[in-house]
Structure formats: C-alpha cells, structure tokens
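Coordinate analysis (summary)
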Amino acid sequence: IPPQKVEVTYYATASFGCRWYRLLLPLDHVVDTTGAGDALIAGTAAAFAKGWKLEEALLCGLLCAHVTLFVEGANVPFFTEKLMRHVSEQLKSSIADPTSKL
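Not measured: the values here are computed from a predicted model.

1. Here's the deal with the nonpolar core
Among soluble globular proteins, nonpolar side chains are generally buried collectively. Among the nonpolar cores identified, the biggest contains 15 residues, and Ala47, Trp52, Cys60, Val87 and Leu91 are the most heavily contacted of them. Of all the secondary structure elements, the ones that give two or more residues to this core are helix 1 (36–49), helix 2 (54–68) and helix 3 (81–96). The element best represented in this core is helix 2, accounting for 7 residues. Excluding its chain neighbours within four sequence positions, the residues that come into contact with Ala47 are Trp52, Ala57 and Cys60.

Shown next, in the form of structure tokens:
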C-alpha cells in the first residue's frame, strides 16, 4: 500500500473548535478510482458501528478510499481484521499527537 499522509488542522475560537482532516495526494500512481467513494462511506460506517470515535472512523474511511485507488476494481482483498486493528492503533496515536502524520 502506498503511504498516505493526513493533515490535521485545528480551528478554534472562544466558543467553537474543530479539526479539519485532509488526505494529502496519493504518493503513488492511482490504478482505478472505482469504489473509492463507496469505500470512504463504508469504512467510516463500519468503524463507527464498531465503536470507534467519529474522528477515528472518518480517518478509517479515508484509508479505505485511499487503498481502493491502488487496486483494480472496488475490492481490496488484503483488508483484514488484523489490519484494521493496526490502523486503529495508528489513528489513536496520530490523534493524540496532532503534529504527527500517518
């Protein structure tokens, strides 16, 4: 899987704060865009349904969409539960450290 980088920007006022997540351009040649949008929604929904915090679930969806860009068609055969646990650990550490990049 080509590496990805997620830029996290914080916006805050006296009464409101939010994070803006931006997946930077893929770091390799895109093979096929089929299913990337579906993967974004499905990855986010699946992670959120498993109890991930919404911001972690959104990053999971970004990862799912990103990986889909580098395979033919919409199915990524190497997505496993073990890989998702690893992703969860990486996301938690990157959210804890806002200066980190995945």
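Moving on from the model shown.
2. Description of the layout of surface pockets
In this structure, the second largest pocket occupies an estimated 220 Å³ of space. Taken together, 14 residues make up the lining of the second largest pocket; nearest its centre are Ala46, Ala47, Lys50, Glu81 and Met84. At the level of elements, helix 1, helix 2 and helix 3 are the ones that each hand at least two residues to the lining of the second largest pocket. A per-class count over the lining of the second largest pocket returns 8 nonpolar, 3 polar and 3 charged.

3. Observations regarding the side chain of Asp32
Along the chain, Asp32 falls in the loop between strand 2 (17–23) and helix 1. At 2.9 Å, the side chain of Asp32 forms a polar contact with the backbone nitrogen of Gly73. Excluding its chain neighbours within four sequence positions, the residues that come into contact with Asp32 are Thr68, Leu69, Val71, Glu72 and Gly73.

4. Re the confidence of the model for the protein
For the protein, per-residue confidence averages 77 on the pLDDT scale, and residues scoring 70 or more make up 75% of the total. Summarising per-element confidence for the protein, the mean pLDDT is lowest in strand 2 (69) and highest in helix 1 (92).

5. Comments concerning a nonpolar patch on the surface
Side chains of Phe48, Leu54 and Leu58 sit close together on the surface and give an oily, nonpolar patch of about 290 Å² of accessible area. In this structure, Leu58 sits in helix 2. A residue is classified by how much of its surface remains accessible, and Leu58, at 39% relative accessible area, is partly exposed.

Parameters at a glance
Residues numbered from 1 in each chain as written. Predicted model: local features only at pLDDT ≥ 70, side-chain atom pairs only at ≥ 80, totals over all residues. Heavy atoms only, no water. Core = buried A, V, L, I, M, F, W, Y, C linked by side-chain atoms within 4.5 Å. Buried < 20%, exposed > 50% of the residue type's maximum accessible area, 1.4 Å probe, protein only. Helix = DSSP H or I, 4+ residues; strand = E, 2+ residues; numbered from the N terminus. Contact = heavy atoms within 4.5 Å. 1 Å grid on protein atoms, 1.4 Å probe; cavity = no way out; pocket = protein on both sides within 12 Å on 5 of 7 lines; lining within 4 Å. Points joined across faces, edges and corners; volume = space filled by probe spheres on them. Nonpolar A, V, L, I, M, F, W, Y, C, P; charged D, E, K, R; others polar. Polar contact = N/O pair within 3.5 Å; in protein donor to acceptor, adjacent residues only side chain to side chain. pLDDT = per-residue confidence, 0-100. Patch = residues over 30% accessible without salt bridge, like charges linked within 9 Å, V, L, I, M, F, W, Y side chains within 5 Å. Areas by Shrake-Rupley, 256 points an atom, 1.4 Å probe, with all protein chains shown as cover. Salt bridge = Lys/Arg side-chain N within 4 Å of Asp/Glu carboxyl O.

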